[in-house]
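Okay, here's what each chain looks like letter by letter:
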Amino acid sequence: MDLAPQPFLKAYWRGSMEHKPREQFNAVPARESVSRALALVLDQGGGSTRGIVFDARGRNIAKVQVAVAERRSGALRVEQDPLELLASLRECAQAVLAKLGSRAGDCTVAGLCTQRASALAWNRRTGLPLSPVLSWQDRRAQAAVEALLPEARQALMHAEQG
C-alpha cells in the first residue's frame, strides 16, 4: 500500500469548480442540469464505509459498501487502521462512481459522514497517521473520565448558578 498522503477526496470535490469564476458558484443552474444532478454521500462507519449516490429527487441511484476491520484487544481496547479507513473511502467512492458509468460527471455535490467520536493523531507535515484510530467504542479512558465527573458536575453547576 502506498503510504503517501492521498488527496483523492480533493479531486472529487474540487473537480471542475476550481477553474470557474466565483460568480458562477452562485448562479442558478438550468432546470435540465438540476434534474440530472447527482449527490455522492460517503458514510464512514465503524464496520464499513458506504457510498451512495442520490438523484435530485432523493432516489438512491447507486450504492456500494466496503467492510473495514476493527481490532479488539481485551474488553476495553477497540482500534482501527487509519490507512485502511482512508483506502475504504477511496475504494467506495471509485466503485460507486464507476457504477454510474457515463453519469459519473453528473455528481455535482458530495458529503462525508464520519465517526466523529473516534480519535486519531496525524503528523501535520507528512499527513501520515501517528496512531491507530481509537474507536468511539474504546473504553480505556473510562475510569479516568468517571473520576473527573464529580468535579466536572460541580464546575458546571457553579458556572450556571454562581
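Notes on the structure in this doc start here. (Residues numbered from 1 in each chain as written. Predicted model: local features only at pLDDT ≥ 70, side-chain atom pairs only at ≥ 80, totals over all residues. Heavy atoms only, no water.)

Before going further, it helps to spend a moment on the overall build of the protein. Check the secondary structure of the protein and you find five helices and seven strands. Reading the helices (α) and strands (β) of the protein from amino to carboxyl end gives α-α-α-β-β-β-β-β-α-β-β-α. Each of the 162 residues in the protein was classed as buried or not, and the buried ones make up 25%. Restricting the contact set of the protein to residue pairs at least 6 apart, pairs at least 24 apart contribute 54%. For the protein, the exposed surface amounts to about 11,300 Å²; the carbon and sulfur share of it is 55%. (Helix = DSSP H or I, 4+ residues; strand = E, 2+ residues; numbered from the N terminus. Buried < 20%, exposed > 50% of the residue type's maximum accessible area, 1.4 Å probe, protein only. Contact = heavy atoms within 4.5 Å. Areas by Shrake-Rupley, 256 points an atom, 1.4 Å probe, with all protein chains shown as cover.)

Counting 13 residues, the largest nonpolar core has Leu42, Val53, Val96 and Leu100 as the members making the most contacts within it. For this core, the secondary structure elements donating two or more residues are strand E1 (38-44), strand E3 (60-67) and helix H4 (82-100). When residues of this core are assigned to their parent elements, the largest contribution, six residues, is made by H4. (Core = buried A, V, L, I, M, F, W, Y, C linked by side-chain atoms within 4.5 Å.)

With that settled, the discussion passes to the sheet that holds strand E2 (residues 48-55). With mixed pairing, the four strands of this open sheet are ordered in space as E3-E2-E1-E6. The open sheet terminates on both sides in strands that have one partner only, identified here as E3 and strand E6 (107-113). Looking at each pair of strands side by side, their axes are set apart by 15 degrees on average, direction ignored. Both E1 and E6 contribute to a ladder of six bridges, which runs parallel. (Pairing = 2+ DSSP bridges. Axes fitted to C-alpha atoms, helices over the stretch in contact; angles between N-to-C directions.)

Within the fold, Leu89 resides in helix H4. Among the residues examined, Leu89 registers a relative accessible area of 9% and is labelled buried. A sequence separation of 45 residues divides Leu89 from Gln44, and the C-alpha atoms of the two residues are 7.1 Å apart.

Moving on to the pattern of salt bridges. As enumerated under the stated definition, the model contains nine salt bridges in all. The shortest N-O distance in the salt bridge between Arg140 and Asp138 comes to 2.7 Å. Judged by its relative accessible area of 34%, Arg140 falls in the partly exposed class. It is possible to trace a salt-bridge network through shared partners that takes in Arg71, Arg77, Glu79, Asp138 and Arg140. (Salt bridge = Lys/Arg side-chain N within 4 Å of Asp/Glu carboxyl O.)

Judged by pairing direction, the sheet is antiparallel, and its three strands sit side by side in the order E4-E5-E7 without closing on themselves. Strand pairing shows two members of the sheet lacking a second neighbour, strand E4 (71-73) and strand E7 (133-134), which therefore form its edges. Where E4 and strand E5 (residues 77-80) come together, three bridges link them in antiparallel fashion. When the sheet's bridge partners are listed, Ser73 is paired in E5 with Arg77.

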